[in-house]
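# Survey of secondary and tertiary structure
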Amino acid sequence: RPLQAAPTTRFSLSLPLQLEYAGASPVQLRFLRLHSRLATQKVSYSCRPAPEQGHPQPEKEIRFLTDSREQSYAASLQGCVLDNESSITDTIFQFTTEELSLLPLRDLAVFHNGDASHQFGFTVGPVCFS
């Protein structure tokens, strides 16, 4: 059974955000890691631009803190753009690693230029060990 993060789909984040996994004790994680060779986890970044904003917004950087808390993943996010099909834009991050101490993710942060013209949120998927 995958370890599911507590529901974190939000469009207004109250910081600090620490990801918690119900029922995932350190003993359970150690057992899963001993009997696995691969870990995967998905995170979806959703944004909703302001209606009057039709042009792309500046790129943003996002950092994901690993379970070891000694490493992080970094990625660039494209600006949030209003298109004709949907008012929400999604970007999916897929983490797959043989270094099992890196997952589950424990924290995330978005770095930007202070532009608050859009709303954003994250949906953190379960971590699966196999």
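Nothing here was measured: the structure is a model prediction, and the numbers come from that model.

Next up on the list: the side chain of S44. Relative to the helices and strands, S44 resides in strand β1 (residues 39-49). Classification of S44 as buried rests on a relative accessible area of 13%. With sequence-adjacent residues up to four places away left out, S44 is seen in contact with D90, T91, I92, G121, F122 and T123.

In this model, the protein carries a mean pLDDT of 77, and residues with pLDDT of at least 70 account for 70%. Per-element averaging of pLDDT across the protein places strand β5 (residues 107-111) at the bottom with 83 and helix α1 (residues 26-34) at the top with 91. Long-range and interchain partners of residues 6-15, a stretch whose pLDDT sits below 50, account for 20 contacts in this model, where long-range means more than four residues apart.

An order of β3-β2-β5 is seen for the three strands of this open sheet, with the pairing classed as antiparallel. With partners counted over all chains shown, the strands left at the sheet margins are β3 (72-77) and β5, one partner each. Ignoring which end each strand starts from, the neighbouring axes of this sheet average 20 degrees apart. Where strand β2 (residues 60-65) and β3 come together, six bridges link them in antiparallel fashion. The residue of β3 that forms the bridge with I62 is A75.

Now for the packing of aromatic side chains. We describe a pair of aromatic rings using the distance from one ring centre to the other and the angle between the two ring planes. Going through the model one piece at a time under the given rule, you end up with four aromatic pairs. Taken together, a centroid distance of 4.8 Å and an interplanar angle of 45 degrees make the contact between Y73 and F95 tilted. Taken together, the positions of Y73 in strand β3 and F95 in strand β4 (residues 89-97) put the pair 22 residues apart, joining distant regions of the chain. Note on F95: relative accessible area 8%, which makes it buried. Every member of this aromatic cluster is reached through a ring pair, and the members are F64, Y73, F93 and F95.

It is generally the case that most residues other than glycine have a negative phi and that most peptide bonds are trans. Look at the link from L103 to P104: it is a cis peptide, with omega at 10 degrees. Relative to the assigned elements, P104 resides in the loop between β4 and β5. Its identity is not glycine, yet R69 carries a phi of approximately 60 degrees, on the positive side. Within the secondary structure layout, R69 lies in the loop between β2 and β3.

A few words now on the environment of L105. By the element assignment, L105 lies in the loop between β4 and β5. Ignoring any residue separated from it by four or fewer positions in sequence, one finds L105 in contact with L19, Y21, Q41, V43, F64, L65, Y73 and F95.

Rules of the game
Residues numbered from 1 in each chain as written. Predicted model: local features only at pLDDT ≥ 70, side-chain atom pairs only at ≥ 80, totals over all residues. Heavy atoms only, no water. Helix = DSSP H or I, 4+ residues; strand = E, 2+ residues; numbered from the N terminus. Buried < 20%, exposed > 50% of the residue type's maximum accessible area, 1.4 Å probe, protein only. Contact = heavy atoms within 4.5 Å. pLDDT = per-residue confidence, 0-100. Pairing = 2+ DSSP bridges. Axes fitted to C-alpha atoms, helices over the stretch in contact; angles between N-to-C directions. Phe/Tyr/Trp six-rings, centres within 6.5 Å; stacked < 30°, edge-to-face > 60°.

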